[in-house]
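As a plain string of letters, each chain reads:
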Amino acid sequence: MKIAIVLTAAALCAFFLAAHADVPFIAAPEFYTGLQPWATVAGDVNNDGYIDIAMANFDFPGYATIVLGNGHGSFAFASSPSIDKTPNGIAAADFNGDGNLDLVVSSISNDPSDVVSVLLGHGDGSFEAAIEYQVGAFPKFVAVADLNVDGIPDIVTENTNSNSVSVLLGVGDGSFLPRTDFDLGLVPESLALGDIDGDGNVDVVVSANSPFASFAVMLGNGDGTFGLPVYTGASNTFFPSITLGDFNRDGRLDVALLDGIHGEADIYLAQSGGLYSNVIEIPTDANSLSIAAADLFGDGNVELITAGGGGARLFETSGDGSFRDAGAFPGIAGGAGIAIADINGDGKPDLIAPSYLSQQSTALLNQTLFRGEFE
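Note that the coordinates shown come from a computational prediction; the quantities given were computed from them, not determined experimentally.

To continue, consider the packing of aromatic side chains. A complete count under the given rule lists 12 aromatic pairs for this structure. Measuring from ring centre to ring centre gives 5.5 Å for Tyr32 and Phe77, while their planes differ by 85°; the resulting arrangement is edge-to-face. Residue Tyr32 is found in strand 1 (residues 25-32), and its partner Phe77 is found in strand 5 (residues 75-79); the two are separated by 45 residues along the sequence. For Tyr32, a relative accessible area of 31% corresponds to the partly exposed category. Take Phe77: its relative accessible area is 44%, and that puts it in the partly exposed class.

Below is the structure:
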């Protein structure tokens, strides 16, 4: 039997705000992560309708760890496919159009060039042996998007030791054309993809380890090529993680960087003409490694999450580009790569930030009371 709850508009608003005034997440059961999970991606790798998790394990010889979700917030180990060198980044897409989710893992070494490993999925949580493609040197992060508007996912890496971005255009059968490198003119640290200028083409944004810029934007031409980098900010620090989100609800993608030295998140709000506001600095936990953005509360505002050796922390926004420290997430220590997905099927985004300090981690389930639950 359903019980109807009737609230006035004022009470409804107050109740909704109170529902996420702090950090309304609870720990799900622990799951196995393997050694030092450094990057994380969420998706349905076994086609059962439930979200699974794939992690790149920072180890040598390397591997990825795949755990399968049961739709209730817990996960079971499925496989650990081998990866050459030392994995550092991971992304997922259907590269060969068979309806199964595939993986790409970037690996780092001291070689003049490094590789990404493409693992084609069988649709049951297992994967074919990795196929390697050369990219630039020391690709810490990898991302996927359709860069040339042909309906086929392409691969992008930032290459820290060769000061470049590598692009691998997908053929559609799971294979990729040889890489094309684009010079950045600075040392990149992390990577994000999005449509910065609103022209429908995917653009590349990289955070920097440079005294003359905090990040660089290369606008996509829609054919897999990019314009020259445009630099923003200036800082004698490095930014190990970057994310994009519309933090002030003006329809433009803003940039959020994690400052790896000063323990803060640096926010740049997009302006017209491809310009950005002065930096907004938000203190966060020391030893943070990763930053992510998502609308966690279903109100249209995009929140920020940081995670690392000092734990994980939530920053709420009111939709005007300002942020409030809402506090620490419970039960996360040493979180590295952050993934956000609905892992228990209740329509709310949950948080996955596996600990690199342990081979066991927990996901956090979103307990926010969305408006639709009591309207």
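This is not the end of the story, as more comes after the structure.
Let us look at the side chain of Thr40. Note on placement: Thr40 falls in strand 2 (residues 37-43). A distance of 3.4 Å separates a polar side-chain atom of Thr40 from the backbone oxygen of Gly337. Here Thr40 is in contact with Ile53, Ala54, Met55, Ile90, Gly337, Ile338, Ala339, Ile352 and Pro354, once residues within four sequence places are set aside.

Further remarks concern the sheet that holds strand 14 (residues 180-183). Reading across from one edge, 11-12-13-14 is the order of the four strands in this open sheet, with antiparallel pairing throughout. Unpaired on one side and paired on the other, strand 11 (139-145) and strand 14 mark the two borders of the sheet. Pairwise comparison of adjacent strand axes, ignoring direction, gives a mean angle of 20° for this sheet. Strand direction decides the pairing type here: strand 11 and strand 12 (residues 154-159), joined by six bridges, are antiparallel. Bridging across to strand 12, Pro139 finds its partner in Asn159.

This part is about the pairing of strand 20 (residues 254-259). Most of strand 20 sits inside the fold, with six of its six residues counted as buried. The alternating pattern of strand 20 places Asp254, Ala256 and Leu258 and Val255, Leu257 and Asp259 on opposite faces, both of which are buried. Note that strand 20 and strand 21 (residues 264-268) share five bridges and pair antiparallel. Among the inter-strand pairings, Ala256 is bridged to a residue of strand 21, identified as Ile267. Here strand 20 folds back onto strand 21, and the loop between the two strands holds four residues, one of which, Gly263, carries a positive phi near 65°.

On to the layout of surface pockets. The computed volume of the largest pocket comes to approximately 1,000 Å³. For the largest pocket, the lining is made up of 39 residues, of which Phe141, Leu191, Ser241, Ile242 and Ile338 are closest to its centre. Contributing elements (two or more residues each) for the lining of the largest pocket: strand 2, strand 7 (86-93), strand 11, strand 15 (188-194), strand 19 (241-245), strand 23 (288-294) and strand 27 (339-341). Take the lining of the largest pocket: its biggest share by element is six residues, from strand 23. Across the lining of the largest pocket, the residue classes tally to 27 nonpolar, 10 polar and two charged. Its volume calculated, the second largest pocket comes out at about 220 Å³. Lining the second largest pocket are 14 residues, with Ile196, Leu219, Gly273, Gly274 and Leu275 sitting closest to its centre.

How each quantity is defined
- Residues numbered from 1 in each chain as written.
- Predicted model: local features only at pLDDT ≥ 70, side-chain atom pairs only at ≥ 80, totals over all residues.
- Heavy atoms only, no water.
- Phe/Tyr/Trp six-rings, centres within 6.5 Å; stacked < 30°, edge-to-face > 60°.
- Helix = DSSP H or I, 4+ residues; strand = E, 2+ residues; numbered from the N terminus.
- Buried < 20%, exposed > 50% of the residue type's maximum accessible area, 1.4 Å probe, protein only.
- Polar contact = N/O pair within 3.5 Å; in protein donor to acceptor, adjacent residues only side chain to side chain.
- Contact = heavy atoms within 4.5 Å.
- Pairing = 2+ DSSP bridges.
- Axes fitted to C-alpha atoms, helices over the stretch in contact; angles between N-to-C directions.
- 1 Å grid on protein atoms, 1.4 Å probe; cavity = no way out; pocket = protein on both sides within 12 Å on 5 of 7 lines; lining within 4 Å.
- Points joined across faces, edges and corners; volume = space filled by probe spheres on them.
- Nonpolar A, V, L, I, M, F, W, Y, C, P; charged D, E, K, R; others polar.

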